[in-house]
Amino acid sequence: MRRLLTTMTMLALTTTMAMAQTFDNLPDPIEDVNKVVDNTPDSIAKALMSRPAPGSTRKGTHPVLFLVGNSTMGDGSNGQWGWGYYASQYFNGNKITVENQALGGMSTRTFYRKLWPDVRKALRPGDWVIISIGHNDNGPFDSGRARAVIPGTSDDSLAVTIKETGEHEVVYSYGGYLRRYIAECRQAGARPILMSLTPRDDYDATTGKIVRKPQTGWAAVVAAEEGVPFLHVRTDYSPGDEG
């Protein structure tokens, strides 16, 4: 456990600066129907072809480390190299394989609905799952990409009907979704780890400190309540430089 957490912390630190450089050559961002600018041209159909089938990297009875997230963790298949792209280099592939299931544009809610079911089916006792997601939890609840979640960690829920499809859905809070990920990992005998959001290149104009989204704090609360490890990702700054 300690070795895994140390490895993931060092990986996040060493790749954050590398990602800042490689992202310079990405295509121009697109604006979706929610007026959200997102550099995510790939669809779910393309994602299913470019990402490994959940569990397909398993070697014999050895465990798999599944990565659950968005473009900040992405595998580079659509020009978005997140830290997860480099993760396998830090592990012995003969003992544990790293399977990057992250996809740019996913919110905590849409990953849970569209991609998580297949990951959940692939989980086996002894597997690990790192969950770092929340950058895209915005926009409307019931139209367009319908990615929004209820802010915070409450047990609140909201019944919605998607305007374009008529599909009915119950939307939970950010913490509510994290608790569901955790519970379903444990049901399968897998070990979940929550990770704070990867910091973006965004600084407060007044203080100069890096801007943190509230999801990091919410994830820390859920991790403490549920008794799971929490990795707090930050770049190599001096103490006190964060907002």
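Residues numbered from 1 in each chain as written. Predicted model: local features only at pLDDT ≥ 70, side-chain atom pairs only at ≥ 80, totals over all residues. Heavy atoms only, no water.

> Looking at this model, I keep getting lost on the overall build of the protein. Mind explaining?
Secondary structure summary: the protein contains five helices and nine strands in total. Counting from the amino terminus, the protein carries its helices and strands in the arrangement α-β-β-α-β-β-α-β-β-β-α-β-α-β. Buried positions account for 49% of the 243 residues belonging to the protein. Long-range contacts, defined here as pairs at least 24 residues apart, represent 68% of the contacts in the protein between residues at least 6 apart. Summed over all atoms, the accessible surface of the protein reaches about 11700 Å², with 54% contributed by carbon and sulfur. (Helix = DSSP H or I, 4+ residues; strand = E, 2+ residues; numbered from the N terminus. Buried < 20%, exposed > 50% of the residue type's maximum accessible area, 1.4 Å probe, protein only. Contact = heavy atoms within 4.5 Å. Areas by Shrake-Rupley, 256 points an atom, 1.4 Å probe, with all protein chains shown as cover.)

> What exactly am I supposed to notice about the pattern of salt bridges here?
Side-chain pairs of opposite charge can arise where the charged atoms are in close proximity. Summed over all chains, the structure comprises eight salt bridges. Across the pair Arg 113 and Glu 169 runs a salt bridge, and its minimum N-O distance is 3.3 Å. Of the two residues, Arg 113 sits in helix 3 (residues 108-122) while Glu 169 sits in strand 7 (residues 168-172), which places them 56 residues apart along the sequence. Under the relative-accessibility criterion, Arg 113 is labelled partly exposed at 31%. (Salt bridge = Lys/Arg side-chain N within 4 Å of Asp/Glu carboxyl O.)

> Would you mind going over the confidence of the model for the protein with me for this structure?
Where the model shows low pLDDT, its predicted coordinates should not be examined in detail. Taken as a whole, the protein shows an average pLDDT of 81; of its residues, 73% reach a score of 70 or greater. Ignoring residues within four places in sequence, the model shows residues 13-30, a span with pLDDT below 50, making 28 contacts including any to other chains. In this model, residues 32-43 is a region of pLDDT below 50 whose contacts with residues beyond four sequence positions or in other chains number 40 contacts. (pLDDT = per-residue confidence, 0-100.)

> Mind showing me how you'd approach helix 4 (residues 174-187) here?
Because an α-helix completes one turn every 3.6 residues, residues spaced three or four positions apart along the sequence face the same direction. Its 14 residues place the ends of helix 4 20 Å apart at the C-alpha level, agreeing with the 20 Å of an ideal helix rising 1.5 Å per residue. Among all positions of helix 4, only Tyr 174, Gly 175, Gly 176, Tyr 177, Leu 178, Arg 179, Tyr 181, Ile 182, Glu 184 and Cys 185 are buried. Its buried side turned inward, helix 4 meets strand 3 (64-69), helix 3, strand 5 (128-132), strand 7, strand 8 (191-195) and helix 5 (215-226). Of the residues one or two after helix 4, Gly 189 is the one with positive phi, at around 85°. (Expected span 1.5 Å × (residues − 1).)

> Would you mind going over the side chain of His 135 with me for this structure?
With respect to the helices and strands, the residue His 135 is situated in the loop between strand 5 and strand 6 (157-161). Each residue touching His 135, except ones within four places of it in the same chain, is listed here: Asn 70, Thr 72, Leu 197, Thr 198, Arg 200 and Lys 213.

> Any chance you could explain the packing of aromatic side chains here in plain terms?
Both the distance between ring centres and the angle between the ring planes are used here to describe each pair of aromatic rings. Following the criterion strictly, the structure yields six aromatic pairs and no others. Ring geometry for Tyr 112 against Tyr 181: centres 5.3 Å apart, planes inclined by 90°, an arrangement best described as edge-to-face. Here the residue Tyr 112 occupies a position in helix 3, and Tyr 181 occupies one in helix 4, the gap between them amounting to 69 residues. Residue Tyr 112 is classed as buried on the basis of its relative accessible area of 16%. You can call Tyr 181 buried: its relative accessible area is 0%. Ring pairing ties together the aromatic residues Tyr 112, Trp 116, Tyr 172, Tyr 177 and Tyr 181, which thus form one cluster. The lysine or arginine in question, Arg 180, covers the ring of Tyr 172, its NZ or CZ lying 3.4 Å from the ring centre. (Phe/Tyr/Trp six-rings, centres within 6.5 Å; stacked < 30°, edge-to-face > 60°. Lys NZ or Arg CZ within 6 Å of the ring centre and 35° of its normal.)

> Would you take a moment to explain helix 5 for this structure?
A rise of 1.5 Å per residue sets the reference length of helix 5, with its twelve residues, at 16 Å; its end C-alpha atoms lie 16 Å apart and thus fit the reference within 8%. The secondary structure elements touched by the buried residues of helix 5 are helix 4, strand 8 and strand 9 (230-231). Immediately downstream of helix 5, the backbone of Gly 227 shows phi near 70°, a positive value.

> Explain the pairing of strand 5 here, please?
Regular strands show a simple pattern: their side chains alternate between the two faces of the sheet. Of all five residues in strand 5, five are buried, a share of seventy percent or more. Neither face of strand 5 is open: one carries Trp 128, Ile 130 and Ser 132, the other Val 129 and Ile 131, and all of them are buried. Bridge analysis of strand 3 against strand 5 gives five bridges, and the strand direction is parallel. Residue pairing in the sheet places Val 68 in a bridge with Ile 131 of strand 5. Across four bridges, strand 5 lies against strand 8 in parallel orientation. Across the sheet, Ile 130 pairs through a bridge with Ile 193, a residue of strand 8. (Pairing = 2+ DSSP bridges.)

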